[in-house]
Every structure is written in C-alpha cells, then in structure tokens.
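Chain residues, written in single-letter form:
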4 protein chains.
Amino acid sequence: MEKEEIIELLKKDKFILYNGIELLEIGEGEATSRMKITENHLNGLGTVQGGAIFTLADYTCAAAANSRGKAAVTLDGQMDFIKAVSKGTLTAHATEISLRRTIASYRVEVRNEEDMLIATFQSKVFRKDV
Amino acid sequence: MEKEEIIELLKKDKFILYNGIELLEIGEGEATSRMKITENHLNGLGTVQGGAIFTLADYTCAAAANSRGKAAVTLDGQMDFIKAVSKGTLTAHATEISLRRTIASYRVEVRNEEDMLIATFQSKVFRKDV
Amino acid sequence: MEKEEIIELLKKDKFILYNGIELLEIGEGEATSRMKITENHLNGLGTVQGGAIFTLADYTCAAAANSRGKAAVTLDGQMDFIKAVSKGTLTAHATEISLRRTIASYRVEVRNEEDMLIATFQSKVFRKDV
Amino acid sequence: MEKEEIIELLKKDKFILYNGIELLEIGEGEATSRMKITENHLNGLGTVQGGAIFTLADYTCAAAANSRGKAAVTLDGQMDFIKAVSKGTLTAHATEISLRRTIASYRVEVRNEEDMLIATFQSKVFRKDV
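Residues numbered from 1 in each chain as written. Chains lettered and ligands numbered in written order. Predicted model: local features only at pLDDT ≥ 70, side-chain atom pairs only at ≥ 80, totals over all residues. Heavy atoms only, no water.

How should the overall build of chain A be read in this particular structure?
Along the backbone of chain A there are 3 helices and 6 strands. For chain A, the succession of helices and strands along the chain, N to C, is α-α-β-β-α-β-β-β-β. In terms of overall size, chain A behaves like a compact globule, its C-alpha atoms giving a radius of gyration of 14 Å where 130 residues would be expected to give roughly 14 Å. In terms of its C-alpha atoms, chain A occupies a principal-axis envelope of roughly 45 × 25 × 25 Å. Relative to its 130 residues, chain A shows a buried fraction of 60%. Here chain A displays about 5,200 Å² of accessible surface, and carbon together with sulfur accounts for 48% of that area. (Helix = DSSP H or I, 4+ residues; strand = E, 2+ residues; numbered from the N terminus. Rg over C-alpha atoms; globule rule 2.2 N^0.38 Å. Buried < 20%, exposed > 50% of the residue type's maximum accessible area, 1.4 Å probe, protein only. Areas by Shrake-Rupley, 256 points an atom, 1.4 Å probe, with all protein chains shown as cover.)

Quick question: what am I supposed to make of the relation of the copies chain D and chain B here?
Superposition of the two copies of the chain requires a rotation about an axis together with a shift along that axis. Each copy of the sequence occupies a distinct position, and chain D is placed on chain B by a rotation of 180° and an axial shift of 0.0 Å, giving an RMSD of 0.0 Å. Both chain copies can therefore be described as sitting about a two-fold axis. The residues that chain D uses at the interface reappear at the interface of chain B in 100% of cases, marking a shared surface. (Least-squares fit on C-alpha atoms with pLDDT ≥ 70 in both. Contact = heavy atoms within 4.5 Å.)

Can you help me understand the packing of aromatic side chains in this one?
Two descriptors summarise a pair of aromatic rings, namely the distance from one centre to the other and the angle between the planes of the rings. Residue and element names in this part refer to chain A. Within this structure, the stated rule accounts for 14 aromatic pairs over all chains. Seen from their ring centres, Phe54 and Phe121 are 5.4 Å apart, and the 85° between their planes marks the pair as edge-to-face. Of the two residues, Phe54 is situated in helix H3 (residues 50-65) and Phe121 in strand E6 (residues 117-128); the sequence distance between them amounts to 67 residues. An identical accessibility class is assigned to Phe54 and Phe121; each is buried. (Phe/Tyr/Trp six-rings, centres within 6.5 Å; stacked < 30°, edge-to-face > 60°.)

I would appreciate a short explanation of the side chain of B:Gln49 in the present structure.
Along the chain, B:Gln49 falls in the loop between strand E2 (31-36) and helix H3 (50-65). Polar contacts involving the side chain of B:Gln49 include one to the side chain of A:Asp13, which spans 3.2 Å. (Polar contact = N/O pair within 3.5 Å; in protein donor to acceptor, adjacent residues only side chain to side chain.)

Looking at this model, I keep getting lost on the packing of H3(A) against H3(B). Mind explaining?
Helices that pack against each other are described as a pair by the angle of their axes relative to one another and the distance between those axes. Here H3(A) crosses H3(B) at 155°, and the two axes come no closer than 8 Å. The angle between H3(A) and H3(B) falls in the class roughly antiparallel. Helix-helix and strand crossings are classified by hand; for H3(A) and H3(B) the assignment is right-handed. Facing A:Gly50, A:Gly51, A:Phe54, A:Thr55 and A:Asp58 of H3(A), the residues of H3(B) in contact are B:Gly50, B:Gly51, B:Phe54, B:Thr55 and B:Asp58. For the contact of H3(A) with H3(B), the class distribution of residues is 2 nonpolar, 6 polar and 2 charged. (Axes fitted to C-alpha atoms, helices over the stretch in contact; angles between N-to-C directions. Parallel < 35°, antiparallel > 145°, perpendicular 65-115°, else oblique. Left-handed = near helix turned anticlockwise from the far one by under 90°. Nonpolar A, V, L, I, M, F, W, Y, C, P; charged D, E, K, R; others polar.)

Looking at this structure, how should I read the pairing of strand E4 (residues 89-99) of chain B?
In regular strands, side chains alternate between the two faces of the sheet. All names here are of chain B. In the sheet, E2 pairs with E4 via 6 bridges, with the strands oriented antiparallel. Paired with Ser33 across the bridge in E4 is Ala92. Where E4 lies against strand E5 (residues 103-111), 8 bridges are found, and the strand directions are antiparallel. Note that in E5 the partner of Thr91 across the bridge is Arg111. In this structure, the hairpin formed by E4 and E5 is closed by a connection of 3 residues. (Pairing = 2+ DSSP bridges.)

Help me out: how do you make sense of the interface of chain A and chain B in this one?
Accessible area lost during the coming together of the parts is what is often quoted as the interface size. With 31 residues of chain A at the contact, the number on the chain B side is 31 residues. Both faces considered, chain A and chain B share a buried interface measuring about 2,700 Å² in area, 54% of it formed by carbon and sulfur atoms. Scanning the region where chain A abuts chain B turns up 2 salt bridges. A salt bridge links B:Glu39 to A:Lys14; the nearest nitrogen and oxygen atoms lie 2.6 Å apart. When contributions to the side of chain A that touches chain B are tallied by element, the ones reaching two or more residues are helix H2 (14-18), H3 and strand E3 (71-81) of chain A. Looking at the side of chain A that touches chain B, the element that brings in the most residues is E3(A), giving 8 residues. Here the residues of the side of chain A that touches chain B sort into 12 nonpolar, 12 polar and 7 charged. (Buried area = accessible area lost by both parts, 1.4 Å probe. Salt bridge = Lys/Arg side-chain N within 4 Å of Asp/Glu carboxyl O.)

Which parts of the structure should I look at to understand the environment of D:Thr120?
With respect to the helices and strands, the residue D:Thr120 is situated in strand E6 (residues 117-128). Relative accessible area serves as the criterion here: at 1%, D:Thr120 is assigned to the buried category. Between the alpha carbons of D:Thr120 and D:Ala92 there is a distance of 9.2 Å; along the sequence they are 28 residues apart. Contact partners of D:Thr120, with chain neighbours within four places excluded, come to A:Ile97, A:Gln122, D:Gln78, D:Met79, D:Asp80, D:Ile82, D:Arg107 and D:Val108. Among the polar contacts made by the side chain of D:Thr120, one reaches the side chain of A:Gln122 at a distance of 3.2 Å.

Where do I start with unusual backbone geometry in this structure?
Leaving glycine aside, a negative phi is the common case for residues, and trans is the common case for peptide bonds. Even without glycine at this site, C:Asp115 takes up a positive phi of about 65°. Tracing the backbone through its elements, the reader meets C:Asp115 in the loop between strand E5 (103-111) and strand E6 (117-128).

Looking at this model, I keep getting lost on the pattern of salt bridges. Mind explaining?
Pairing is possible between side chains that carry opposite charge, provided their charged atoms lie close to one another. A complete count under the given rule lists 44 salt bridges over all chains for this structure. Residue A:Glu109 is joined to A:Arg107 by a salt bridge in which the shortest nitrogen-to-oxygen separation is 3.2 Å. A relative accessible area of 10% places A:Arg107 in the buried class. For C:Asp80, the salt bridge identified is with B:Lys124, shortest N-O distance 2.8 Å. Of this pair, C:Asp80 sits in strand E3 (residues 71-81) while B:Lys124 is found in strand E6 (residues 117-128), placing the two residues in two different chains. You'll find C:Asp80 and B:Lys124 in the same group, each marked buried. Each of the salt bridges in this network shares a partner with another, and the network as a whole consists of A:Asp76, A:Lys124, B:Asp80, C:Asp76, C:Lys124 and D:Asp80.

Even after reading the chapter, I still don't get the pairing of E5(B), so can you show me in this structure?
Residues and elements named next belong to chain B. Most of E5 is tucked away, with 7 of its 9 residues classed as buried. Examined bridge by bridge, E5 and E6 share 9 bridges and lie antiparallel to one another. Following the sheet pairing, Ile103 is matched in E6 by Phe126. Between E5 and E6, which pair antiparallel in sequence order, lie 5 residues; one of them, Asp115, sits at a positive phi of approximately 65°.

Shown next as structure tokens:
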C-alpha cells in the first residue's frame, strides 16, 4: 500500500474516531497519536480506562507497522499500566524494534503532558503482501 | 468492598457504557461480559478494532478481580488476537489463575456467537485493602 | 516432519539435556515434560531460577507445536511466576490455544508434585513448511 | 540490601554459574551480563535455546532490579525472540522503565557481537523491604 492509502484506511477507523483519537504523524516504522481525555474515557474511579489507553497505543502501533509497504495484522499486544491519569492529553509514540519479512515488532510509550510515562505497549504484527 | 459496591463502581464506568459493553455476571474470581458489535467498534478494514476487544477483556478481568474483597488495580494485560470478526456479539469470560495476598492473575477468553475463540487475554492485578 | 523426526530433534537439544529436562509425552498439539530439581537449578536464594522454569515451559511448548506437521519457530513467550519452589519435580503440560496456517499459540502450566501451580506460560510460534 | 550483598547473592546463583552467564556491571536501575555460547546452550537445530536467552535476560533484569535497595521478586517476563544465533557471545543490558513503591519494570535487550538485536525482554518485579 502507498502511504496515502494507509493514512486513508487509518482515518476511516470508526472506533478511533468515536473515541477521540487523532493520528498526528506517520514515519518509516514510527508514528504518533494523541487522545484528549474526556468524560467518556473514564472508568468508575474517574481515571482513564485501560481500554482507552490500549486503543491509543495499539492504533499508533498499527500506523507505524503499516508504514512499511505491506499490510500489517496485529498478532498481540502487551500493555503495562504504570500511572493512573484523569485529565489532560495523552500522546503515544511508536518505534520499531524489529522488521523481518513476515513479522515485525513495535514498542509504544504513552505519556501525559508533563512527559510522564503512563503506560508501555509492545506488539507484534504479521506482514502480508497487498 | 462489598459485592454491591463493586458492581456499582463497575456500572459507572463511562468508557464501558459509551462503548456498549455489558456486565452479565460476577462470581468468586470470575465474571462474564458481552459486547454487541456495532459500526462504532469497527476499524478501517471493517473488523472489530483490537482496542474494543481489549476493553471487553480487561473490564471482565477487572470484574473478576474485584470480586475478591480487595480493590484490584490492573498492572498489565497481554492480548492475543486470534480471529478477526465483524458482526454479532462477543462474550468474554474471566477465570482466576492465581490469588495471592497482593497479586492475582486472570485469564479471559473472548468468543463469538458460534463459540469460536476470537482472542485470549491474561492480566495481573495489584490488590489493595480498602 | 514425521513425529519420529521431531522427537529425535527434541531429544538432541543439548541445553535441555544439560539442564536435566525430560520429554514425557507428545500428542496432537500437546506435550508434557518434567524437571527433577537439583542444586544446579537454584538461584542465590535457594529457589529454582526463573530461567530453569522458562526452559521447561518453552521446551514443552516447542514439543506440542512441532507435533502439527510443520516446523515451529518460537516467536515469543510470556512467563508468569506464581510460586517459588526449591525441591521436588516440576511437570509442564502444554495445550494448544489456536492453530492457524502460519501462527499457532500454546499455553503451558508448570506444577509441582502437590499439583500446585508454580508458573504459567503462553507462547506463539511461526509455522514453516518443511 | 547493600549493593555488595546483592552482588554476593547474584554471584551465588548456581543455575547462572552452571550455564556460563557472567554479571559484568550493576548500576542504579541497570545492569549488563554476558554469555559466551557453548555447545551446552544449543537446541536440536544447533541454535541457542530460547531458555538460555531468557535466563541471560532475566538474570540481568534481576541484577538491575535489586540495585534499588529493596529485594526484588520477579513477577513475569515477556520474551520476544528476533534472530536465531549459534555462536559468539551474547550481551544483555537491562534498563529501568518505571520504579514505583512496590512494583518496578525493566526492559532488556540481548545483542550479539555485531550489535544485532537477538531478543527483547520486559519484566515486572515486586519490591519488598529487607
């Protein structure tokens, strides 16, 4: 896929749009996304739901993985929750750990506006020719 | 916490409500939840977004973990995506792997209406006295 | 590969032999192995080193994965350590979670002689035609 | 524990000694170890057994985690195998991701002599006062 097609596809993601996540940048094996925390992201304790943070990280990873000229299907995601957060904006940045013919892996850091580490994420994707 | 309080807390989770996830049952170290797939859960390819499946699994795990008389804070979540799905209802069932004084672990299976395994999830929680 | 060839290969594993791990059984997508704890398996605290438990689990997973007629290359392994142990025999049993064309996943439970759960392991393999 | 006591403890690890792993350096939240590959580390295919690589990574993580003035008990380890290797020396370097009161997390990279990434490892520890 061409980069434009990938961005097109990523921007049609309804779950992402519905939950207020925005793709900021997509490079070669890397990407950055952002989520402005709203009431809808909070759990019963008033902090951002783990699923919202996972969604931000996983989407950023998908953007990075799809920048490599093949369609990338996510195989797994390991999420580590480090700090609870209840307001502000979260930014996720994905970088490439390894790029093999059919498997690639990515690491994502989710940080708040004070640049504190909120969560880490690691994921493997399966790469298919398109 | 009493079971009623936990259920109260779980039912006030705005991200869960917003994304159409419903807690069906909560037992001793286990729980079941359900998500009827709608347009809002889909990614750019028209299949359920990984973040939606994670949210379902993680919430079900939280329900199971909080059934044990202490407040459970999720430390991590390992998601394995097995099969893409685009319609119907997903059901997640969480069971307890281990229950120690401060750490407990849970395993969740997410299945579709044909009882096919869509994803597996494993998570550790930190248990605090409340 | 034929089952006999796989068993041949598994039994030539020097790290396994060197560390006293024994393959007990190999079925369709499952396997069982055993490790009698000796002085050489212990860490500085006198309990079995995590690496020894991982090796037992990972090897059992490889046996199960290679029972499926393709060569299986291990992509990852998630280990959860539940209980420290310092003597006796550990038994690992691997079962299949999913079997797809190129990816399969396995779950392993490591138990002691009292059938207590010592550790859990989950792993994905890449399947190649041989 | 004092740093000297920790090093003492780490150097008494019999599984580590038996498998030829050597602690090179221990800093504040970081550590480096090395394993010269021998016949005993190889699997049936002649490449280094995953368990040997895990052991190297996990031990390096334990060294980093125990540098922080509390006894660190390993809760889990996520291993990603990136490249098979059959000779030379592997070096593992652990760095700290997060340090909280009772939980800390570490990331380890295992590289060969050409500085190629062989495997990545991430682990959480439980910190106890000693």
